[in-house]
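Results of the structural survey
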Amino acid sequence: MRIITASIGTLFIYMSLVAFIGWNVYLWLHSLLPGLNPWLFAVLWFLWAFSYLIGRLGHQWLLFSVLGAYWFAFFEYAVLLLPLADIASLFVPSEQPALIVGSVMAGVFLLIFIVGSFLAYNPVVRELEITVDAPEADPLHIVLASDFHLGVLSGKNHLQRFVNKSNSLNPDVVLLAGDLVDDDPIWYGRYGMADVMGQLKANLGVYGILGNHDYYGKKIPLLVQLMEKSGVHILRDETILVENRFYLTGREDRTFRDRPLLEILKPKSGLPWIVMDHTPPRLDVPTRLGVDLQVSGHTHKGQMWPNRFITKKVFELDYGHRKIGKSHFLVSSGFGFWGPPIRIGSRSELWSIKMKFKEQT
């Protein structure tokens, strides 16, 4: 009963916000187009507001999935900005405040979408150099990326950007820390992304793990098969020894409820130990077990401001590098994006990690 009550309450709040935003948009459009039919506008408006759910009905509703993605960005910033716009309209010395304020807000939203698209589709390389407590050996060069969400909007061209940047760094190993596809791997196969991923070059191999969105599509065997054909070795709660240089553990995401404790996956040798875990976990366990480097993604650094205020509260480390004791932790904001191809306050990225080894006295 509580679930039903909460669902009804949530739907009521959402519908109220949709109506509030729609009324403001209608007033502005009506000032530009006095003959605009209010009923036609209402139908189209509510179709857009529920387009993401419509897109989930099947692949034939792909257009609605795209519209739904952009709706998320518009809705978030409309909730934040339109109340301010309504207040500002009270002080506009004009007979048509809706036209003036609405046009200004349209410009603001256009700027948000342009800047956000640039930050989403123009990734940068972040650099990190760490030293771990281990017998001296040749440095290990790692390329890390996460949260590709490969599908319709984060597609073949965006993946090609990653491959080009990664190959230009000439890494020893490439780590893909989950959310490889956006729920359904069908677009990865259909749009030729497997061929692009297969171009990745790394002296010691390319390794990946699964994220929560990889599970949402409920096609894990197909996804793993496609990735293996692309040269990406998917680790599912297993630890492997890579060229007698380091141990690499790949964790199932928390979505997989039966995953074992990290203790069970700890290697017995004293070689450096790297762990991939998509959702940033508590940091005390890896520190206690002696993990040298743990890499994660998932948070997107909030993706769109001010969402990072939430991720910083939810996760002990929601972005960047931190060292605790002898253990290093790194959380990436991701190479792709979820929902709209828009980033505000974050940027698509991959990490170039130089891992040096020096025995501490």
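What comes next concerns the included structure. Keep in mind that this is a model prediction, so the values were computed, not measured. (Residues numbered from 1 in each chain as written. Predicted model: local features only at pLDDT ≥ 70, side-chain atom pairs only at ≥ 80, totals over all residues. Heavy atoms only, no water.)

**Description of the sheet that holds strand 6 (residues 238–242)**
Stated precisely, the cut-off is as follows: The criterion for strand pairing is that DSSP finds at least two bridges linking the strands in question. Numbering of helices and strands runs from the N terminus, with a helix taken as a DSSP run of H or I at least four residues long and a strand as a DSSP run of E at least two residues long. A fitted line through C-alpha atoms serves as each axis, taken over the contacting stretch for helices, and the angle formed by two N-to-C directions is quoted from 0 to 180°.
On the basis of which strands lie adjacent, the open sheet formed by six strands has the order 6-7-8-9-11-10 and mixed pairing. Taken across any chain shown, the strands that pair with only one partner, and hence form the sheet edges, are strand 6 and strand 10 (320–324). Pairs of neighbouring strands in the sheet enclose a mean axial angle of 20 degrees, with direction left out of account. In this structure, strand 10 lies alongside strand 11 (residues 327–331), joined through five bridges in antiparallel fashion. Bridge pairing in strand 11 links Lys323 to His328.

**Regarding the sheet that holds strand 5 (residues 232–234)**
Either a parallel or an antiparallel arrangement is found when strands of a sheet pair, and the pairing is made through backbone hydrogen bonds. The mixed open sheet is built from six strands, whose spatial order is 1-12-2-3-4-5. Strands at the two margins of the open sheet, each flanked by one partner only, are strand 1 (124–132) and strand 5. Neighbour-to-neighbour, the strand axes of this sheet turn through a mean angle of 25 degrees, independent of strand direction. Judged from the three bridges that link them, strand 4 (residues 206–209) and strand 5 form a sheet pairing that is parallel. Bridge assignment links Val206 to a residue of strand 5, and that residue is Val232.

**Comments concerning the environment of Gln303**
Let me state the cut-off plainly: The contact rule is simple, with two residues in contact once any of their heavy atoms fall within 4.5 Å. Side-chain atoms alone can form a polar contact between residues adjacent in sequence; in general such a contact is a pair of N or O atoms within 3.5 Å, and within protein one must be able to donate a hydrogen while the other accepts it.
By the element assignment, Gln303 lies in the loop between strand 9 (293–296) and helix 13 (308–314). When the C-alpha atoms of Gln303 and Ile342 are compared, they prove to be 7.6 Å apart, with 39 residues separating the residues in sequence. The contacts of Gln303, once residues within four sequence positions are left out, are Phe337, Trp338, Pro340, Ile342, Arg343, Ile344 and Ser346. There is a polar contact of 3.0 Å between the side chain of Gln303 and the backbone oxygen of Trp338.

**Re the pattern of salt bridges**
Our working rule: Salt bridge, as applied in this entry: a Lys or Arg side-chain nitrogen positioned within 4 Å of an Asp or Glu carboxyl oxygen. When accessible area is computed with a 1.4 Å probe and restricted to protein chains, residues below 20% of their type maximum are described as buried, those above 50% as exposed, and intermediate ones as partly exposed.
Under the defined criterion, the tally for this structure stands at eleven salt bridges. Between Arg288 and Glu263 there is a salt bridge, with its nearest N and O atoms 2.9 Å apart. In this pair, Arg288 is assigned in helix 12 (residues 284–289) and Glu263 in helix 11 (residues 262–265), connecting sequence segments 25 residues apart. The exposure class assigned to Glu263 is partly exposed, which follows from its relative accessible area of 34%.

**What to know about the packing of aromatic side chains**
Definition in use: Here a pair means two rings of Phe, Tyr or Trp (six-membered ring of Trp) with centres within 6.5 Å. Their orientation is stacked below 30 degrees between planes, edge-to-face above 60, and tilted elsewhere.
Applying the stated rule across the entire model yields 26 aromatic pairs. On the basis of an interplanar angle of 40 degrees and a centroid distance of 5.0 Å, the ring pair of Phe74 and Phe109 is categorised as tilted. With Phe74 in helix 4 (residues 62–89) and Phe109 in helix 5 (residues 97–121), this pair connects stretches of sequence that are 35 residues apart. Each member of the pair, Phe74 together with Phe109, is buried. Their ring planes at 25 degrees and their centres at 6.4 Å tell us that Tyr215 and Phe256 sit as a pair that is stacked. Residue Tyr215 is located in helix 9 (residues 212–216), and its partner Phe256 is located in the loop between strand 7 (246–250) and helix 11; the two are separated by 41 residues in the primary sequence.

**Points about the layout of surface pockets**
This is how the line gets drawn: Points on a 1 Å grid, built from protein atoms alone, make a cavity when a 1.4 Å probe fits but cannot get out and make a pocket when they are open with protein on both sides within 12 Å along at least 5 of 7 lines; residues with an atom within 4 Å of a point are the lining residues. Grid points are joined across faces, edges and corners, and a volume is the space filled by probe spheres set on the points. Each residue receives one of three labels: charged for Asp, Glu, Lys and Arg, nonpolar for Ala, Val, Leu, Ile, Met, Phe, Trp, Tyr, Cys and Pro, and polar for the others, Gly being one of them.
Empty space within the largest pocket amounts to approximately 540 Å³. Mapped by element, the contributors of at least two residues to the lining of the largest pocket are helix 3 (51–55) and helix 4. For the lining of the largest pocket, the leading source of residues is helix 4, giving four residues. In the lining of the largest pocket, the residues fall into eleven nonpolar, nine polar and four charged. In this structure, the second largest pocket encloses a volume near 420 Å³. Lining the second largest pocket are 18 residues; nearest its centre among them are Thr299, Gly302, Gln303, Asn307 and Trp338. Split into classes, the residues belonging to the lining of the second largest pocket amount to six nonpolar, ten polar and two charged.

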